[in-house]
Amino acid sequence: MGGSDSSGGRRIVEIDIDRLPDSQPTRFEYNDQALLIVRIGDKIYVADDECPHEGCYLSDGHLDVEDRTITCLCHWATFKLDSGESLTPEVTSKPLKLLKSRVEGNKLLIELE
Ligand code: FES
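Residues numbered from 1 in each chain as written. Predicted model: local features only at pLDDT ≥ 70, side-chain atom pairs only at ≥ 80, totals over all residues.

1. Describing the nonpolar core
Grouped together as the largest cluster of nonpolar side chains are 20 residues, with contacts concentrated most on Leu 36, Val 38, Val 46 and Ile 70. Only strand E2 (10-16), strand E4 (33-40), strand E5 (43-48) and strand E10 (107-112) provide two or more residues apiece to this core. When residues in this core are grouped by element, the largest group, four residues, is from E4. For Leu 36, the contacting residues outside a window of four places in its chain are Pro 25, Arg 27, Ala 47, Asp 48, Asp 49, Leu 58 and Ser 59. (Core = buried A, V, L, I, M, F, W, Y, C linked by C-beta atoms within 7 Å. Buried ≥ 20, exposed ≤ 12 C-beta atoms within 10 Å, placed from the backbone. Helix = DSSP H or I, 4+ residues; strand = E, 2+ residues; numbered from the N terminus. Contact = placed C-beta atoms within 7 Å.)

2. Looking at the sheet that holds strand E6 (residues 62-64)
Strand pairing in a sheet relies on backbone hydrogen bonds, with the paired strands running either antiparallel or parallel. Read from one edge of the open sheet, three strands run E6-E7-E8, paired in antiparallel fashion. In this open sheet, the two edge strands, each paired with only one partner strand, are E6 and strand E8 (78-80). Neighbouring strand axes in the sheet, compared pairwise and without regard to direction, differ in orientation by 20° on average. Across three bridges, strand E7 (residues 69-71) lies against E8 in antiparallel orientation. Residue pairing across strands places Ile 70 opposite Phe 79, the latter belonging to E8. (Pairing = 2+ DSSP bridges. Axes fitted to C-alpha atoms, helices over the stretch in contact; angles between N-to-C directions.)

3. Some thoughts on the sheet that holds strand E3 (residues 26-30)
If you walk across this open sheet you meet the three strands as E3-E4-E5, and the pairing is antiparallel. Here the strands that pair on one side only, and so sit at the sheet edges, are E3 and E5. Shown here is a sheet whose adjacent strand axes are inclined to one another by a mean of 30°, direction ignored. When E4 meets E5, the two strands line up antiparallel, connected through six bridges. Within the sheet, the bridge partner assigned to Ile 40 lies in E5 and is Lys 43.

What follows is the structure, encoded as structure tokens:
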């Protein structure tokens, strides 16, 4: 599905965009890191797949395409995909951890820490 490169101490993971399903949360594993990737049309969001509440997989969660949010099915925390902000502070006020990414051609390049 992808490859990797490292430059300047950062690891870059490459994924073919054509292989990312539209409007469906996707889990991508690289070494010991699990990422949540959400593609909605031309827009792609990348985040840590572990819910900041208690670590359930957000790729198993509910995606609201219109509101651009993902809801964890364990305790119903909802996060904004563009900012990571929690919309359910009664469950957790911790934000979703977003990862830097960019599109080059038909590749999604994700910067890992
Ligand atoms: S683990 Fe996600 S809401 Fe609790």
